[in-house]
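Commentary on secondary and tertiary structure
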Amino acid sequence: MTSIYGPVTDWATDFDHVDPEYNPNAHQIWDDLRENGCPVASSERYGGLWAPLTHEYVREVAYDTENFTSRGVIVSTARPIAEAPIGPAPPITSDPPFHQIARKLLLPPFAPKQIDPWEPEIRTLCRGLLDDMGDITPGESIIDAAVQYAQNIPVNVIARMLGFPTTDDEIFRGFVHDIVENVNVDPEEREAAIGPLDAYLDIQIEEHRANPRDDLTTYLMNVEIDGNKLSHEHVRGSIVLLLIAGIDTTWSAIGSSLWHLATHPDDLERLVKEPELMTFAIEEFLRAYAPVTMARLVAKDNDFHGCPMKENQWVLLPFPAANRDPEFFDDASEVHLDRAENRHAAFGLGIHRCLGSNLARLELRVAVEEFIGRFPAFALDGPVTWSNGQIRGPRKLPVRITALA
Amino acid sequence: MTAYSQGMRVQLDTEKCQGHNRCYALAPELFDVDDYGTAVLLVEGDIPAELEDKARLAVANCPEYAITIEGESP
């Protein structure tokens, strides 16, 4: 479980987003690189890694499905065994033309009108987590907004949607760590990481075969492409996607938004007083603290603005960096709760736009509304721990509650 | 406004739309979404003057530049 790489020596030429220094300092690292004329950082690590850092370049890679394949979307020392165009976790790991076929199956259950009805259940969940914090004494009580709140919300919702036991939430967070964070290890260890998750899902799929019900797992087992049911690998791969992508991403977005409010009392006070700002504030949190950096593999050798990219090297898609590019956004490094023009890329750009974006937005909005509705004043009080790797968010977020509603 | 001026017209490029759903959230009077989450333009021809601000908001929040106001660059 130890990294095979040492600390980063130079962010321009020895870039490593999994270095523990990266996520806590990401905003400064991007600004420094861009200001010093390095719009694409690089590294020999992981068998070759490129990291475009401007909105223009990130967008260009996201739209280019010829030179870049989605077969691998999490940078690691290994390479996925599953071949393009399907990849190990369709549709996120799929390329055209198969991508659209696989995506079309999953778009309807995540369309706004299917997701909106989840709001009351999510609200009840959030209120229950706040209740579980016990008696709060304003000015004295310190709670962990990541551990006691944010990390529990998306995992519960996606487990319910998939028809999995919500009591397995700790197991799911373990899978997320193994798949998303434990990437800089010996390649054999990396390749073995998927084993326990696949084994868990095989059991869940068997259980659904015996007891089919109204959930996404049963849906995926029954849905057809051209009259044929999906292969077991496709069903399981899509569940891997929904489970992994649906947990630490939104957990990070909720945590980062609360971190902002815990460190910017004026914004917190304003949001409490002007709830009509919420729609714009949520988008601004998503812009300024986008949690998800995606990745691609170079499909064929190409020259990307002077960078000699070789087949099978990794290319990061740091949407969070694109969202703070001063060439694209006015006042990019400042949070404006009422930012009216906001073409942020927190959910990606192009054909792989986050399938769960409607659910993520709903969870984020309800989670923030309920938290500040219960605790209209709170402040950071203790060290924050940030995640490692492609998903950026606080994993420990101690806040002192200073007022109750 | 002169006798020759027209009202505002909105265009939606459904090929560019990837279902970010910002327009439907910000201007539901002008945009709906289909079963796949793709935007659907609700108004043909000139849009009511009181919805012009909302139309501009939808344009300014589409990450894919799928929405334009006729005669204006996105």
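Below is a short write-up of the structure. Here the residue index of a chain counts from 1 through its sequence in written order. By the order in which they are written, chains take letters starting at A while ligands take numbers starting at 1. At least 70 in pLDDT is required for a residue's local features to be given in this predicted model, at least 80 for side-chain atom pairs to be given and counted, and no such filter applies to totals for whole chains, interfaces and linings, which use all residues. Calculated side-chain values reflect all of the structure's heavy atoms, with hydrogen atoms and water omitted.

Points about the overall build of chain A
Secondary structure counts use DSSP, requiring at least four H or I residues in a row for a helix and at least two E residues in a row for a strand, with both numbered from the N terminus. Across its full length, chain A holds 17 helices and 14 strands. Expected size for 405 residues packed as a compact globule is a radius of gyration near 22 Å; at 21 Å, chain A falls within 12% of this value. With the C-alpha coordinates aligned to their principal axes, the bounding extent of chain A is approximately 60 × 55 × 40 Å. Partly exposed describes any residue whose relative accessible area lies between the buried limit of under 20% and the exposed limit of over 50%, with all areas from a 1.4 Å probe on protein chains only and scaled to the type maximum. Here chain A, with 405 residues, has 59% of them falling under the buried criterion. For the radius of gyration, the atoms used are the C-alpha atoms, and the globule rule reads 2.2 Å times the number of residues raised to 0.38.

Brief notes about the sheet that holds strand β4 (residues 142-144) of chain A
All names here are of chain A. Here, any two strands with at least 2 DSSP bridges between them count as paired. Spatial ordering of the open sheet is given by β4-β14-β11, a layout of three strands whose pairing is antiparallel. Both edges of this open sheet fall to β4 and β11 (377-380), since each of them pairs with a single strand only. Across this sheet, the average inter-strand angle for adjacent strands is 35°, counted without regard to direction. Where β11 and strand β14 (residues 398-403) come together, four bridges link them in antiparallel fashion. Residue Ala-377 lies in a different strand from β14, and its bridge partner there is Ala-403. Most of the contacts of helix α13 (residues 248-263) go to β11, to which it runs at about 95°, and overall it touches β11 and β14. A fitted line through C-alpha atoms represents every axis, and for helices the fit uses only the stretch in contact; the resulting angles, taken between N-to-C directions, go from 0 to 180 degrees. The contact definition used throughout considers only heavy atoms, calling two residues in contact when any of these lie within 4.5 Å.

Overview of the nonpolar core
Residues and elements named next belong to chain A. Buried residues of nine kinds, namely Ala, Val, Leu, Ile, Met, Phe, Trp, Tyr and Cys, make up a nonpolar core once their side-chain atoms join them within 4.5 Å. Counting 107 residues, the largest nonpolar core has Tyr-149, Leu-271, Phe-371 and Phe-378 as its most contacted members. Of all the elements, helix α17 (residues 357-374) adds the most residues to this core, at nine residues. Discounting residues that sit within four places of it in the chain, Leu-271 has contacts with Leu-261, Leu-277, Met-278, Ala-281, Phe-285, Leu-337, Val-368 and Ile-372. Within the second largest apolar cluster, 20 residues are counted, among which are Ala-26, Leu-33, Ala-41 and Val-183.

Here's the deal with the interface of chain A and chain B
Taken together, the contact between chain A and chain B spans 26 residues of the former and 22 residues of the latter. The term buried area means the drop in 1.4 Å probe accessible area that two parts suffer when joined, counted for both and summed. Taken over both partners, the interface formed by chain A and chain B buries close to 1,900 Å², and the fraction arising from carbon and sulfur atoms is 51%. When the area that chain A buries against chain B is broken down by residue, the three leading residues are Lys-113, Arg-343 and Arg-353 of chain A, summing to 30%. We count a salt bridge whenever a side-chain nitrogen from Lys or Arg sits within 4 Å of a carboxyl oxygen from Asp or Glu. Counting across the chain A and chain B interface gives two salt bridges.

Quick word on the packing of aromatic side chains
Residues and elements named next belong to chain A. Centres within 6.5 Å make a pair out of two Phe, Tyr or Trp rings, where for Trp the six-membered ring is used; the pair is then stacked when the planes are under 30 degrees apart, edge-to-face when over 60, and tilted otherwise. Applying the stated criterion across every chain, the model contains 17 aromatic pairs over all chains. Ring centres 5.2 Å apart and planes at 50° place the aromatic pair Tyr-149 and Phe-371 in the tilted group. Residue Tyr-149 is found in helix α6 (residues 145-149), and its partner Phe-371 is found in helix α17; the two are separated by 222 residues along the sequence. A relative accessible area of 0% means that Tyr-149 is categorised as buried. What makes Phe-371 buried here is its relative accessible area of 0%. Taken together, a centroid distance of 5.5 Å and an interplanar angle of 85° make the contact between Phe-172 and Tyr-200 edge-to-face. Of this pair, Phe-172 sits in helix α8 (residues 169-181) while Tyr-200 sits in helix α10 (residues 194-210), and the two are 28 residues apart along the sequence. Residue class for Tyr-200 comes out buried when judged on its relative accessible area of 12%. Should the NZ of a Lys or the CZ of an Arg lie within 6 Å of a ring centre and within 35 degrees of the ring normal, that charge is described as sitting over the ring. Over the ring of Phe-329 we find Arg-287, and its NZ or CZ is 5.3 Å from the ring centre. The ring centre of Trp-386 lies 4.2 Å from the NZ or CZ of Arg-392, which sits over that ring.

Some details on the environment of Leu-277 of chain A
Examined against the element boundaries, Leu-277 of chain A turns out to sit in the loop between α14 (265-273) and α15 (278-288). With relative accessibility at 9%, the residue Leu-277 of chain A sits in the buried group.

So, the sheet that holds strand β1 (residues 40-43) of chain A
Residues and elements named next belong to chain A. Spatially, the five strands line up as an open sheet ordered β1-β2-β10-β7-β3, and their pairing is mixed. Since the sheet does not close on itself, it has two edges, and those belong to β1 and β3 (68-69), each with one partner. With four bridges connecting them, β1 and strand β2 (residues 49-52) associate as antiparallel partners. Within β2, the residue paired with Ser-42 across the bridge is Trp-50.

Comments concerning the packing of α13 of chain A against α17 of chain A
Residues and elements named next belong to chain A. In contact at an axis separation of 9 Å, α13 and α17 are set at 35° when each is read in the N-to-C sense. Viewed along their axes, α13 and α17 form a crossing whose handedness is right-handed. Residues Thr-250, Ala-253, Ile-254, Ser-257, Leu-258 and Leu-261 of α13 lie in contact with α17, whose contacting residues are Ala-360, Glu-363, Leu-364, Ala-367, Val-368, Phe-371 and Ile-372. Its residues assigned to classes, the contact of α13 with α17 comprises 10 nonpolar, two polar and one charged. Take the far helix as the reference: if the near one is turned anticlockwise from it by less than a right angle, the crossing is left-handed, and if turned clockwise, right-handed. When residue character is reported, Ala, Val, Leu, Ile, Met, Phe, Trp, Tyr, Cys and Pro are called nonpolar, Asp, Glu, Lys and Arg charged, and the others, Gly included, polar.

Topic: the pattern of salt bridges
Residues and elements named next belong to chain A. On inspection of all chains with the given rule, the structure shows 32 salt bridges over all chains. The shortest N-O distance in the salt bridge between Arg-123 and Glu-119 comes to 2.7 Å. With Arg-123 and Glu-119 both in helix α5 (residues 119-132) and four residues apart, the pair spans about one turn of that helix. Between Asp-169 and Arg-173 there is a salt bridge, with the nearest N and O atoms lying 3.3 Å from each other. Taken together, the residues span about one helical turn, with Asp-169 and Arg-173 both in helix α8 at a distance of four residues. For the pair Asp-169 and Arg-173, a shared accessibility class is recorded, and that class is buried.

Some remarks on the pairing of β1 of chain A
On β1 of chain A, burial covers both faces: Val-40 and Ser-42 of chain A on one face and Ala-41 and Ser-43 of chain A on the other are all buried. Counting the residues in the hairpin turn of β1 of chain A and β2 of chain A gives five residues, including Tyr-46 of chain A, whose phi is positive at 60°.

Some remarks on the packing of α5 of chain A against α17 of chain A
Residue and element names in this part refer to chain A. At their nearest, the axes of α5 and α17 sit 9 Å apart, and the two run at 40° to each other. In terms of orientation, α5 and α17 fall into the oblique class. The element α5 and its partner α17 pack so that their crossing is right-handed. Seen from α5, the contacting residues are Glu-119, Ile-122, Arg-123, Cys-126, Arg-127, Leu-130 and Asp-131; seen from α17, they are Leu-359, Leu-362, Glu-363, Arg-365, Val-366, Ala-367, Glu-369, Glu-370, Phe-371 and Arg-374. Considered class by class, the residues forming the contact of α5 with α17 number eight nonpolar, no polar and nine charged. In what follows, roughly perpendicular refers to angles from 65 to 115 degrees, roughly parallel to angles under 35, roughly antiparallel to angles over 145, and oblique to any angle outside these ranges.

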